[in-house]
Amino acid sequence: MNEIKIEHFKLGSFATSPEEMAMLAGKSFPIAQRVPGAVGDAFDWQRWYSAWLEKVGGAEAVPAPSQLIVEAADTFEASIPWEQLGEAAVLYKLDGEPLQKTGPIRLYVPNGSSKCLNVKSIVKLKIGQNAASGAEEATYGFKHTFSAEELRKNK
Ligand SMILES: Nc1nc2c(c(=O)[nH]1)N[C@H]1C(S)=C(S)[C@@H](COP(=O)(O)O)O[C@H]1N2
Ligand SMILES: [Mo]
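A quick note: this is a predicted structure, and the numbers were derived from the prediction, not measured.

A.B. asks: How do you make sense of the nonpolar core when you look at a structure like this?
C.D. replies: What tends to happen in soluble globular proteins is that the nonpolar side chains get buried as a cluster. Trp45, Trp48, Leu68, Leu107 and Leu125 are the most contacted members of the largest nonpolar core, which totals 32 residues. Listing elements by their share of this core, those giving two or more residues are strand E1 (4-8), helix H1 (18-25), helix H2 (45-57), strand E5 (67-72), strand E6 (76-81), strand E7 (89-94) and strand E10 (122-128). Residues contacting tryptophan 48, with those up to four places away along its chain left out, are Ile6, Met21, Leu24, Ala25, Phe43 and Ile127.

What follows is the structure, given as structure tokens:
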């Protein structure tokens, strides 16, 4: 299963795949270029986002996001302020093959506030815009609380 869900605060919900994302980003590189010691091929997060925005948003005026929330298959998740994503890259291949252990994709945040933000096995990308301005901090951990709405949906 290599489907990745995308939820965008303005444009709605979408489904994609590692291959489709890489194609949109247009260019890949060894992740070691940005994260010494890491292995595999990655594409640039911001390049992907710009290309994706153009494709699905077209001429719509879309404000800049304020954070990215990534959700993993093991319920690990991270919320990352957009300004920490300048050098962020998405790992999608290892030895020329789709990722097995850490797939479908893994995010690396070289200039992020913590290594713990390098979330593996990402199944959902939530691109958000938080109206509240001010210093936002990255958070991460295993999801352990559920909203009332989620409880209704998953009952
Ligand atoms: N899906 C998922 N991603 C994850 C984690 C996790 O438990 N699940 N742990 C995080 C933490 S706390 C760290 S420090 C790094 C560890 O990355 P490494 O295994 O490449 O050293 O992965 C991060 N990504
Ligand atoms: Mo960590």
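A.B. asks: Is there a simple way to explain the site of ligand 1 in this structure?
C.D. replies: Taken together, Ala72, Asp74, Phe76, Arg106, Lys115, Cys116, Asn118, Val119, Lys120 and Phe142 make up all the residues around ligand 1. Taking asparagine 118, its main chain carries an N or O atom lying 3.1 Å from a nitrogen atom of ligand 1. Burial of ligand 1 by the protein amounts to 61% of the accessible area it has alone, namely 530 Å². Of the residues in the shell around ligand 1, the class split is five nonpolar, one polar and four charged.

A.B. asks: I would appreciate a short explanation of the sheet that holds E5 in the present structure.
C.D. replies: Sheet strands line up and pair through hydrogen bonds in the backbone, either parallel or antiparallel. In spatial order, the strands read E2-E1-E10-E5-E6-E11; together these six strands make up an open sheet with mixed pairing. Where the open sheet ends on each side, the last strands, each with one partner, are strand E2 (12-16) and strand E11 (139-142). Direction aside, neighbouring strands of the sheet carry axes that sit 15 degrees apart on average. Two strands pair when backbone bridges link them, and E5 and E10 are joined in this way by six bridges, in the antiparallel orientation. Bridge pairing in E10 links alanine 72 to isoleucine 122. This element, H1, spans E1, E2 and E10 of the sheet and lies at about 100 degrees to E2.

A.B. asks: Looking at this structure, I do not really get the packing of H1 against H2. What am I missing?
C.D. replies: Between H1 and H2, the least distance of the axes is 8 Å, while the angle of their chain directions is 90 degrees. One way to sum up the angle between H1 and H2 is to call them roughly perpendicular. On the side of H1, the interface is formed by Glu20, Met21, Leu24 and Ala25, while H2 contributes Trp45, Arg47, Trp48, Ala51, Trp52 and Lys55. When the residues that make up the contact of H1 with H2 are grouped by side-chain class, the tally is seven nonpolar, no polar and three charged.

A.B. asks: Would you mind going over the side chain of serine 121 with me for this structure?
C.D. replies: Turning to its location among the elements, serine 121 is positioned in the loop between strand E9 (106-108) and E10. You can call serine 121 buried: its relative accessible area is 14%. Non-local contacts of serine 121, meaning those with residues more than four positions away in its chain, are made with Glu71, Ala72, Ala73, Lys101, Thr102, Gly103, Pro104 and Ile105.

A.B. asks: Mind showing me how you'd approach the pairing of E7 here?
C.D. replies: Working note: regular strand, side chains alternate between the two faces of the sheet. Relative to E7, strand E4 (residues 41-44) runs antiparallel, the two sharing four bridges. By the bridge assignment, aspartate 41 is partnered in E7 with lysine 93. Pairing analysis gives three bridges linking E7 to E9, with the strands arranged antiparallel. Considered in E9, the bridge of valine 90 is made with leucine 107. Bridge analysis of E7 against strand E8 (residues 97-98) gives two bridges, and the strand direction is antiparallel. In the sheet register, leucine 94 faces E8, and the bridge partner there is glutamate 97. The turn linking E7 back onto E8 is made up of two residues, and aspartate 95 within it adopts a positive phi angle of 50 degrees.

Cut-offs used in this document
- Residues numbered from 1 in each chain as written.
- Chains lettered and ligands numbered in written order.
- Predicted model: local features only at pLDDT ≥ 70, side-chain atom pairs only at ≥ 80, totals over all residues.
- Heavy atoms only, no water.
- Core = buried A, V, L, I, M, F, W, Y, C linked by side-chain atoms within 4.5 Å.
- Buried < 20%, exposed > 50% of the residue type's maximum accessible area, 1.4 Å probe, protein only.
- Helix = DSSP H or I, 4+ residues; strand = E, 2+ residues; numbered from the N terminus.
- Contact = heavy atoms within 4.5 Å.
- Near = heavy atom within 4 Å.
- Polar contact = N/O pair within 3.5 Å; in protein donor to acceptor, adjacent residues only side chain to side chain.
- Areas by Shrake-Rupley, 256 points an atom, 1.4 Å probe, with all protein chains shown as cover.
- Nonpolar A, V, L, I, M, F, W, Y, C, P; charged D, E, K, R; others polar.
- Pairing = 2+ DSSP bridges.
- Axes fitted to C-alpha atoms, helices over the stretch in contact; angles between N-to-C directions.
- Parallel < 35°, antiparallel > 145°, perpendicular 65-115°, else oblique.

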